[in-house]
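Listed below, chain by chain, are the residues.
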Amino acid sequence: MDDFDLDLDHLDFDAAAQNNAAKLAAADAAAAAAEALPDEDDCAGGACKI
C-alpha cells in the first residue's frame, strides 16, 4: 500500500476554493453582461435567421 501513500499537506485547499469562487464569479459576470446585450431581431442565438 506504500505505492498509494499521498501527502496532501503541501496542497492549499483554501486558496484553491477562493480561486475557484473568483473564476465562477467572473463567469457569472460575463454571462450576465452577455445576457444584458439587446437581441437585434428577437431571434435567440440566430435560430430564426435563414
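Counting restarts for each chain, with residues numbered from 1 along the sequence as it is written. For this predicted model, a pLDDT threshold of at least 70 governs which residues receive local features, and a threshold of 80 or more governs which side-chain atom pairs are given and counted, while totals over whole chains, interfaces and linings are taken from all residues. In computing side-chain values, all of the structure's heavy atoms are included and hydrogens and water are not.

1. Examining the overall build of the protein
Here is the rule: Strands here mean DSSP runs of E at least two residues long; helices mean DSSP runs of H or I at least four residues long; both are numbered from the N terminus. Burial here depends on accessible area, computed with a 1.4 Å probe over protein chains only, as a share of the maximum for the residue type. Under 20% is buried, over 50% is exposed, and the range in between is partly exposed. For every accessible area listed, the method is Shrake-Rupley and the probe measures 1.4 Å; residues are considered covered only by the protein chains on display.
When helices and strands are tallied, the protein shows one helix and zero strands. Relative to its full complement of 50 residues, the protein shows a buried share of 2%. Accessible surface, the protein: about 4800 Å² in total, of which carbon and sulfur atoms supply 57%.

2. Here we look at a nonpolar patch on the surface
Selection criterion: Candidate patch residues must exceed 30% relative accessible area and have no salt bridge, after which like charges are joined if within 9 Å and Val, Leu, Ile, Met, Phe, Trp or Tyr side chains if within 5 Å. By definition here, a salt bridge exists when the distance from a side-chain nitrogen of Lys or Arg to a carboxyl oxygen of Asp or Glu is within 4 Å.
On the surface, Leu6, Leu8, Leu11 and Phe13 cluster together to form a nonpolar patch covering roughly 440 Å² of accessible area. Its place among the elements puts Leu8 in the segment before α1 (13-36). A relative accessible area of 45% places Leu8 in the partly exposed class.

Keep in mind these numbers describe shape, not what the thing actually does.
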